[in-house]
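Given next are the chains, with one letter for each unit.
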Amino acid sequence: MTELLIRNACVIDPINGIRGETMDILIRDARIVESVSGRAEVIDAAGCLTLPGGIDSHTHICGTKVNFGRYMMPEDMRAGRTARQGGMHATSGYSVPTTFGNSYRYSAMGYTTVLEGAMAPLEARHTHEEFSATPLQDTMANTLFDGNWAVMEAVKENDVKRAAAIVGWTLSAVKGFAIKLTNPGGTEAWGWGKNVECIHDPVPHFEVSPIEIVTALVRANELLHLPHSVHLHCNRLGVPGNAWCTVDTFRHIPDLNPERQSLYATHVQFHAYGGSSWKDICSRADLVARAVNDRPQIVMDMGQVMFGKTTTMTADGPMEFNLYRLHHNKWSNHDVELETGSGIIPVYYSRKSTVNCVMWAVGLELALLTRSPWQCLLATDNPNGAPFVKYPEIIGLLMSRKYRDAELATLHPEAERRIALPAIDRELDWNEIAVMTRAGQAKALGLLPLGKGHLGPGAAADLAIYPVRIGEIDPSAEYRRVIEGFRQTLYTVKRGRVVSREGRVVVEGDNSTIWVKPRISEEYDMGRDPEFAKKFARYYTVRMGNYPVQEAYIRRSICIETEAEL
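Trainee: Any details on the pairing of strand 14 (residues 298-301)? Residues and values, ideally.
Mentor: Here strand 14 shows no split at all, with I298 and M300 on one side and V299 and D301 on the other all buried. Bridge count between strand 11 (residues 263-265) and strand 14: 3 bridges; the pairing is parallel. Looking across to strand 14, one finds that L263 is bridged to I298. Pairing of strand 14 with strand 18 (residues 376-377), which is carried by 2 bridges, proceeds in the parallel orientation. Across the sheet, residue D301 finds its bridge partner in strand 18, namely L377.

Quick look at the structure:
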């Protein structure tokens, strides 16, 4: 039995309605409890801000595309190098660091749970192998179904139950967590040198439209009773005028689940542009935020862009090709047979670029114009908008108009005419930041039953103590103290033990992988379906029996079993 007593913590815990109370936190055997013995290890938090462990509901840190990004960017790997120290491995890399580099940096910032945003089912083993080298965060993976041939055939036949059965079998087989749709239909079209323009364009050779794929899988998701909703990267990412496509997508989403959203729209900053070309691109964050404000069934994350260099990577193959044509930088594209694809290209977001300045403003506008922080979560789509180490600066921008004004003064002068940010006075408070970085993310991902995102009795003992005394800081004026405070915790506690102290990792780490396994009747078991097996044998280059990821790939497994309506 291990026990930990944290005294004098200034706790913000939105799930339990605690807003800055000084209290003790008691931990026994990795859970928050109401009493501990006199033998408990004691930490004096001395009134410092204490939050549930941070959760990143959309990041790219593991898997084939991330690793290929490392291959493509040897210059990036020369940055961020740290030597081996004690139990810490040597690390390197800035926008696409080594797995241990990612894990240590997240831990130093107080993050204890992360979701890999896009895992190709056929390449799932690589993702799980890298999860095992990400020791200080519990991990899970969205699983790509945007160009899945079997799913699109079921959608064409208007057979939602069969689509659900295919999804359920695949998630179980590859140890995935949720349904991810990236430019649905678009990457399949890219295999033929095309794309889909918006949600009603037909996917070549399948005679289904993107919105038919999205709505069918939203319903399939609920038939499977998955913890998370469908996780959508909308069509037309990064294209001027795409805000109307985004809003049109939201209009088609039914409200099917009273416990959480029916659709999680990711990196919406990249999907909230007005104008008709790069010459007149402008923000339409107001249009998108209004659509979200009117629909409780939608949750989004910001996809905030920050200035500087980074590496973009996504399953949206045609979008990356368009980005290559803009930047003429090195580029890669990859097809994953029958399922999806990917593309990678390094970029530099510049204050001298009007387009980049508009992108920077749109993410902040989305967060500030969305009424409820539970519906707009903080993320950069790491590393696409910026590496996650920029999160403290984003928190500073959201809490301080003075900081935003100082940054606006450095932008390309043309940008101000195209954005609404200079007119927005709202400044977020500590509680809203806690929602956007842990409580809201836990709720959106369906992780509350696992005790994630809060500090009530029975919760997972994941928490972060920051060197911030909220009663002594005016975040509106002293934003630099806010940024420094969130850069590095005093203590990061994972599963009831201190894993990081003042930025230095103090234990080896032992994470868990969370995945789902819907229980499905024999009638809908795709493992016994002759037509599914026949097409698998005909089109895949691997045998069906070799497709599933063995549990040996997962060091600590947390399997969420659900009872499917199939």
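Resuming the write-up.
Trainee: Any details on the packing of aromatic side chains? Residues and values, ideally.
Mentor: Counted according to the given criterion, the structure contains 22 aromatic pairs. Here the aromatic rings of W169 and Y547 are separated by 5.7 Å at their centres, their planes lie at 15°, and the arrangement is stacked. With W169 in helix 6 (residues 160-174) and Y547 in the loop between helix 17 (530-539) and strand 24 (557-563), this residue pair connects regions lying 378 residues apart in the sequence. Grouping residues by exposure puts W169 and Y547 together as buried. For K175, the ring lying beneath its charged end belongs to W515, and the centroid distance is 4.9 Å. Geometry around Y111 places R438 over its ring, the cationic atom sitting 5.9 Å from the centre.

Trainee: Run through the state of the cysteines, naming residues and quoting values.
Mentor: Under the criterion given, the structure shown has 1 disulfide. For C198, the disulfide goes to C245, at an S-S distance of 2.1 Å. Of note, the bridge from C198 to C245 carries an S-S torsion of about 110° and is right-handed in sense. Within this pair, whereas C198 is found in the loop between helix 7 (186-190) and helix 8 (210-224), its partner C245 is found in helix 9 (residues 243-251), the two being separated by 47 residues in sequence. Assessed through its relative accessible area of 6%, C245 is described here as buried. C48 provides the cysteine sulfur closest to C10, a residue in no disulfide bond, and the two sulfurs are 8.7 Å apart. Looking at C10, the relative accessible area reads 6%, which means it is buried. Residue C376 stays outside any disulfide, its sulfur separated by 13 Å from that of C234, the closest cysteine.

Cut-off values and rules
- Residues numbered from 1 in each chain as written.
- Predicted model: local features only at pLDDT ≥ 70, side-chain atom pairs only at ≥ 80, totals over all residues.
- Heavy atoms only, no water.
- Buried < 20%, exposed > 50% of the residue type's maximum accessible area, 1.4 Å probe, protein only.
- Helix = DSSP H or I, 4+ residues; strand = E, 2+ residues; numbered from the N terminus.
- Pairing = 2+ DSSP bridges.
- Phe/Tyr/Trp six-rings, centres within 6.5 Å; stacked < 30°, edge-to-face > 60°.
- Lys NZ or Arg CZ within 6 Å of the ring centre and 35° of its normal.
- Disulfide = S-S within 2.5 Å.

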